[in-house]
Amino acid sequence: MNKNIITAVLGVCCAVTAAGRTEAEIDSCVNDLLGRMTLAEKVGQLNQRSGFGYADEMVGLVRSGGVGSILNETDPETVNKLQRDAVEKSRLGIPLVFARDVVHGFKTIFPIPLGQAASFNPALVEEGARIAADEASSVGIRWTFSPMVDVSRDPRWGRIAESFGEDTYLSSVLGVAMVKGYQGDDLTKPNTMAACAKHFAGYGASESGRDYNTTWIPEIQLRETYLPPFKAASDAGAATFMCSFNDINGIPSSGNRHLLRDILRDEWGFDGMVVSDWGSLDQMIPHGFSRDRRHAAMQGVNAGVDMDMESYAYCAHLEDLVSKGEVSEAAVDSLVANVLRLKYRLGLFENPYVDIKTSKRFYADASLDAARRAVEESAILLKNNGALPIDNSKVRKIAVVGPMADARHDQVGTWVFDFEKERSVTPLDALKDMYGEKNIIYAPGLEYSRQNDTKGFAAAVKAAREADLVLCFGGEEAVLSGEAHCRVDLTLPGAQSALLRELKATGKPVVLVVQAGRSLALADDAALADATVFCFHGGTMTGPALANLLSGEVNFSGRCPVSFPRMSGQVPIYYNRKNTGRPAADMTLINDIPLEAGQTSTGCTSYYLDAGDGALFPFGYGLSYTTFAYSDPVISSSEIAPDGSLTVSCTVSNTGSREGSDVAQLYVRDHIGSLVRPVRELRGFEKVTLKPGESRVVTFTLRPDDLAFYNTPTTRVVEPGEFSVWISPDSQSGNPAKFNVVDQPSVAANN
Ligand code: NOJ
């Protein structure tokens, strides 16, 4: 069908024009179209189905206008055929929108989002999302279910891998960067994808880190900790939101009017589209919230879920609910309008098809280069007794050991439906390339991370004895994190710690390099190793990046996006905790307690007898091959007035002998509040690259808004009194400067 015929079918208002309709024009097109749709066609737009090729059932559904979006169809020819059926063979010619979970790359795989967070580099995150959008849109995917901006403080939860970690501010900044990367500056361009901020809301607080579990989050904490990254994504123009699986304070998100209407639409003014999670309307039945699927459909509409992903609830029951007057057609119309608006915003009415001539734009050199840089910036040097960088004057032979040294499948991490294993470059590949095959002795010791069978140990130990340095690549297989893949034991799985002990016993220097989908409890392993590197699953280019870092070609600059626990039982653990009335002091640890000691012998402060207090590696922490010094912060004024601001500066110096980058982190503390405030809160960061001996002044501006908090669910205040401010290389160190808030500044109520 040519463009003129499409124009005739859709009517004047929806005429095919150059992309870039104004929002007012889009609204009028949407209204025009709505006015010509049957109820069945409206319900069809609300129905999202998973693709199963060019099959009769799907074709029939598309031609009858019974489906608005298809997820998981990635063959561009099939995409075009189905789209042609929608545009040319359905009554109104409304295009489909094809969707997919493109979470950290489509073909060129970047580090898992938790790894990207370790870069503290929004530009890099944006670039990764841009590349993912270009690759995925080249097969017709114009909508990704990403970014996941669930604040995650519990590494037992497998989905922490998909998050930006424990901090609300960092998650907000990086979520916005991803939205921008996917959507670009013009969503109608065919190489963009609509972003989807998920999972709205509170999913990261799943009780005990078990996926899909209940959450109980007081409204104040919800607004302060869990909602800001979503608000930031909405403000940045994220085209869609996805509601979460969990119930929150007893109400599943898919039926949660308060979240989806009161907050998202009414307070924040979000005018995009809300999709359910997979089957989440239906899951309100086992939740114990819906009597049956019909009831769930009604609750979903009332709550404001625009599109039903794979629950079949809307398509099965909405027409009947409307005809019986249990749901109004106006309510259905408002959902359909949101779906149509998305399609207009994506330019799908003008540009519905994939250009097959330019499709499959995968693995460009520049994309692989960006993916490598992303790993280089996200790997964290946790400990170094001088074993790194590899000293070529001492190290001739390197033993490469461990189950993750050559794990083409596992190094890419979770949510990578489209990756091609043979494209992964492993550390073993890259080290052979860098040091010459004859200088690498490869003996994995364990074939995979969970293996308990130690039959490979002897060969690994022999390799270690013959080498000058042992690089032990451990961690987790990809499948041990991600959706529904939670763990309670956060130590290295299988016999990896035993392998490390045997390697250490050879007396050779041992470098432990961990690749995993979550922070792990590494106290014992890191104590054994001469150096420890942590790399969240890094994707396609993990190998070359790690080889560059280990050899010293590139310096480490990754910083912990989560607090690493000493022991599994410490989680959830996060730096911005409350102080308690008895902060940890005078800790007597378990082995120091005298026999038959009295009940109060340990000082009665807040810590664990076996793990002490605090993280093994705190949020924001990471080493480098150089050293940095921070001057004490200097503030422009000792007071901040309503609607005023103050600047905080400090001099960061490279005090070592090679170039390096550090992340200068701005933290604040409100000392006395009508509700107690956290011991520190991140309010800014800047990655600074310095040559040896070079110094730079970093300056941040603090405004009342940065000091505000909710003291009731609806009031956000800045309270007069004393504050501390730090600029430091992590969340635990540095000296603060003090200032006072002199009056009660007003701040935006709905942040
Ligand atoms: C379920 C997951 O929770 C969600 O994140 C994902 O986008 C959908 N499935 C679609 O695959």
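As a reminder, the structure under discussion sits directly above these lines.
Fair warning: this is a prediction, and the values are worked out from it, not measured in the lab. (Residues numbered from 1 in each chain as written. Predicted model: local features only at pLDDT ≥ 70, side-chain atom pairs only at ≥ 80, totals over all residues. Heavy atoms only, no water.)

Draft legend 1. Geometry of the overall build of the chain. Each helix and strand in the chain was counted, giving 21 helices and 27 strands. Against the globule reference of 27 Å for 751 residues, the chain gives a C-alpha radius of gyration of 27 Å, in line with a compact fold. Counting only C-alpha atoms, the chain reaches 80 × 65 × 55 Å along its principal axes. Considering the chain as a whole, with its 751 residues, one finds that 60% of them fall into the buried category. Both charge centroids of the chain, one from 72 positive and one from 93 negative side chains, sit 3 Å from each other. (Helix = DSSP H or I, 4+ residues; strand = E, 2+ residues; numbered from the N terminus. Rg over C-alpha atoms; globule rule 2.2 N^0.38 Å. Buried < 20%, exposed > 50% of the residue type's maximum accessible area, 1.4 Å probe, protein only. Lys, Arg positive; Asp, Glu negative; His and termini not counted. Charge placed at Lys NZ, Arg CZ, Asp CG, Glu CD.)

Draft legend 2. Fine view of helix α10 (residues 228-235). Among the eight residues in α10, seven count as buried, and that is most of the element. When we look at burial in α10, the residues that qualify are P228, P229, F230, K231, A232, A233 and S234. Taken together, the buried residues of α10 touch α8 (168-183), β5 (196-200), α9 (219-226) and β6 (240-243). Taken from the residues just after α10, G237 is the one with a positive phi, measuring 95 degrees. (Contact = heavy atoms within 4.5 Å.)

Draft legend 3. Fine view of the nonpolar core. Counting residues in each nonpolar core, the largest one holds 99 residues, and the members touching the most others are W143, F145, F200, F241, L259, Y314 and L318. Here this core gets eight residues from one element, more than from any other, and that element is helix α15 (residues 329-345). Counting 39 residues, the second largest nonpolar core, distinct from the first, contains A118, V401, L499 and C560. (Core = buried A, V, L, I, M, F, W, Y, C linked by side-chain atoms within 4.5 Å.)

Draft legend 4. Local environment of the pairing of strand β1 (residues 47-50). Residues of β1 alternate between two faces, with N47 and R49 on one and Q48 and S50 on the opposite face, all of them buried. For β1 and strand β10 (residues 308-309), the ladder comprises two bridges, and the chain directions are parallel. Residue N47 lies in a different strand from β10, and its bridge partner there is D308. Bridge analysis of β1 against strand β2 (residues 69-71) gives three bridges, and the strand direction is parallel. In the strand pairing of β2, R49 is matched with I70. Crossover handedness for the path β1 to helix α4 (residues 56-63) to β2: right-handed. (Pairing = 2+ DSSP bridges. Right-handed = clockwise from strand over helix to strand, strands pointing away.)

Draft legend 5. Structural detail: the site of the ligand. Taken together, D101, F145, R159, K198, H199, M242, F245, D277, W278, M309, W415 and E483 make up the full set of residues near the ligand. H199 is positioned with one of its side-chain polar atoms (N or O) 2.7 Å from an oxygen atom of the ligand. Between D277 and the ligand, the recorded distance is 2.5 Å, taken from a side-chain N or O atom to an oxygen atom. In isolation the ligand offers 290 Å² of accessible surface; the protein chains occlude 95% of this area. Classifying every residue of the shell around the ligand by side-chain character gives six nonpolar, one polar and five charged. (Near = heavy atom within 4 Å. Polar contact = N/O pair within 3.5 Å; in protein donor to acceptor, adjacent residues only side chain to side chain. Areas by Shrake-Rupley, 256 points an atom, 1.4 Å probe, with all protein chains shown as cover. Nonpolar A, V, L, I, M, F, W, Y, C, P; charged D, E, K, R; others polar.)

Draft legend 6. Spotlight on helix α5 (residues 76-89). With 14 residues, α5 extends 19 Å between its outermost C-alpha atoms, agreeing within 8% with the 20 Å of an ideal straight helix rising 1.5 Å per residue. Within α5, the full set of buried residues consists of P76, T78, V79, N80, L82, Q83, D85, A86 and V87. (Expected span 1.5 Å × (residues − 1).)

Draft legend 7. Spatial organisation of the sheet that holds strand β13 (residues 440-442). The six strands are arranged β11-β16-β15-β14-β12-β13 in an open sheet whose pairing can be described as mixed. Because the sheet does not close on itself, it has two edges, and the strands there are β11 (380-384) and β13. Averaged over all pairs of adjacent strands, the angle between their axes in this sheet comes to 20 degrees, without regard to strand direction. With three bridges connecting them, strand β12 (residues 398-401) and β13 associate as parallel partners. (Axes fitted to C-alpha atoms, helices over the stretch in contact; angles between N-to-C directions.)

Draft legend 8. Summary view of the packing of helix α18 (residues 457-466) against helix α19 (residues 496-505). As a packed pair, α18 and α19 sit with axes 9 Å apart at the nearest point and diverge in direction by 35 degrees. Considering how the two elements wind past one another, α18 and α19 form a crossing that is right-handed. Contacts between α18 and α19 involve F457, A460, V461 and A464 on the former and, on the latter, A498, L499, E502 and L503. The class makeup of the residues in the contact of α18 with α19 is seven nonpolar, no polar and one charged. (Left-handed = near helix turned anticlockwise from the far one by under 90°.)

Draft legend 9. How the structure looks around unusual backbone geometry. Following K198, the chain continues to H199 via a peptide bond in cis, the omega torsion being -5 degrees. Within the secondary structure, H199 is located in strand β5. With an omega of 0 degrees, the peptide bond running from V571 to P572 counts as cis. Within the element layout of this structure, P572 appears in the loop between α21 (542-551) and β17 (628-630). Phi at Y312 takes a positive value of approximately 60 degrees, unusual for a residue other than glycine. Position of Y312 among the secondary structure elements: in the loop between β10 and α14 (313-323). According to the relative accessible area criterion, Y312 is partly exposed, its value standing at 28%. The phi angle at D586 is positive, at roughly 45 degrees, despite the residue not being glycine. With respect to the helices and strands, the residue D586 is situated in the loop between α21 and β17. On the accessibility criterion, D586 (68% relative accessible area) is exposed.

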